[in-house]
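# Summary of structural features
In case you want the letters, here they are:
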Amino acid sequence: MSNRLTLLLLMSALLSGCSSSPSPEKYAGKIRDQLTTDIKDNGLKLFTYRASLAMMPTLSRAQPQSKREAIKMARQMQQAREDFEEQFDLGLARTLEMTGYCRDGYLELFRMVEADRGELKGECNEGASDSDMTRFGTSTN
């Protein structure tokens, strides 16, 4: 019986998480992103993905007049960061898939995501093929 309850609670949590996720359409045309690739002579494949909002979401810039307003503003900023991070991750996944750069996944070396911009540096799990070196070039570093 407790396994069924646990499963029910887990399913409810997952479904509620999905229902509150921002839709990709919310950010359509509002995000600028860039993938910079770096293949070393030894075949090591590195990359940097950057994304930023063309315009920061409109949130009240006024100083909060009460503790309640301060809490509300903090929640809005936190939600904006979480929404952007979700879109950032989606954009990264789509970009890597479209370019075929990291076919077997990647290791995160650095991540910074705020409410209006983000950057991730990573290392691909696979080494560069001859095709990768031709398509993306190699660095001399």
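Cut-offs and rules
- Residues numbered from 1 in each chain as written.
- Predicted model: local features only at pLDDT ≥ 70, side-chain atom pairs only at ≥ 80, totals over all residues.
- Heavy atoms only, no water.
- Pairing = 2+ DSSP bridges.
- Helix = DSSP H or I, 4+ residues; strand = E, 2+ residues; numbered from the N terminus.
- Axes fitted to C-alpha atoms, helices over the stretch in contact; angles between N-to-C directions.
- Phe/Tyr/Trp six-rings, centres within 6.5 Å; stacked < 30°, edge-to-face > 60°.
- Buried < 20%, exposed > 50% of the residue type's maximum accessible area, 1.4 Å probe, protein only.
- Core = buried A, V, L, I, M, F, W, Y, C linked by side-chain atoms within 4.5 Å.
- Contact = heavy atoms within 4.5 Å.
- Patch = residues over 30% accessible without salt bridge, like charges linked within 9 Å, V, L, I, M, F, W, Y side chains within 5 Å.
- Areas by Shrake-Rupley, 256 points an atom, 1.4 Å probe, with all protein chains shown as cover.
- Salt bridge = Lys/Arg side-chain N within 4 Å of Asp/Glu carboxyl O.

### Observations regarding the sheet that holds strand 2 (residues 45-53)
Spatially, 1-2-4-3 is the arrangement adopted by the four strands of the open sheet, whose pairing is antiparallel. The sheet terminates laterally at strand 1 (31-39) and strand 3 (106-113), the two strands that pair on one side only. For this sheet, the mean inter-axis angle between neighbouring strands, taken without regard to orientation, is 15°. Sheet analysis places strand 1 next to strand 2, joined by nine bridges and oriented antiparallel. Within strand 2, the position partnered with Asp 33 by the bridge is Ala 51.

### Here we look at the packing of aromatic side chains
In this structure the tally under the stated criterion is five aromatic pairs. A centroid spacing of 6.4 Å and a plane angle of 45° characterise the contact between Phe 84 and Phe 88, whose relative ring orientation is tilted. Separated by four residues within a single helix, Phe 84 and Phe 88 lie in helix 2 (residues 67-99), roughly one turn from each other. On the accessibility criterion, Phe 84 (0% relative accessible area) is buried. For Phe 88, a relative accessible area of 1% puts it in the buried group. Through successive ring pairs, a cluster of aromatic residues spans Phe 47, Tyr 101, Tyr 106 and Phe 136.

### Examining the nonpolar core
Of all hydrophobic cores here, the largest spans 15 residues; its most connected members are Phe 47, Phe 84, Phe 88, Leu 92, Leu 96, Tyr 101 and Cys 102. Counting only elements with at least two residues in this core, the list comes to strand 2, helix 2 and strand 4 (117-124). Among all residues touching Cys 102, those that are not within four sequence positions of it are Phe 47, Leu 96, Cys 124 and Glu 126.

### Describing a nonpolar patch on the surface
A cluster of nonpolar side chains, Leu 107, Leu 109 and Phe 110, forms an exposed patch at the surface whose accessible area comes to about 290 Å². Locating Phe 110 in the fold gives a position in strand 3.

### Some remarks on the pattern of salt bridges
Counted under the stated rule, the structure contains twelve salt bridges. As a salt-bridge pair, Glu 119 and Arg 50 come within 3.2 Å of each other at their nearest N and O atoms. On the criterion of sequence distance, the pair formed by Glu 119 in strand 4 and Arg 50 in strand 2 is long-range, its members being 69 residues apart. Here Arg 117 and Asp 116 are joined by a salt bridge, their closest N and O atoms 3.5 Å apart. On the accessibility criterion, Asp 116 (22% relative accessible area) is partly exposed.

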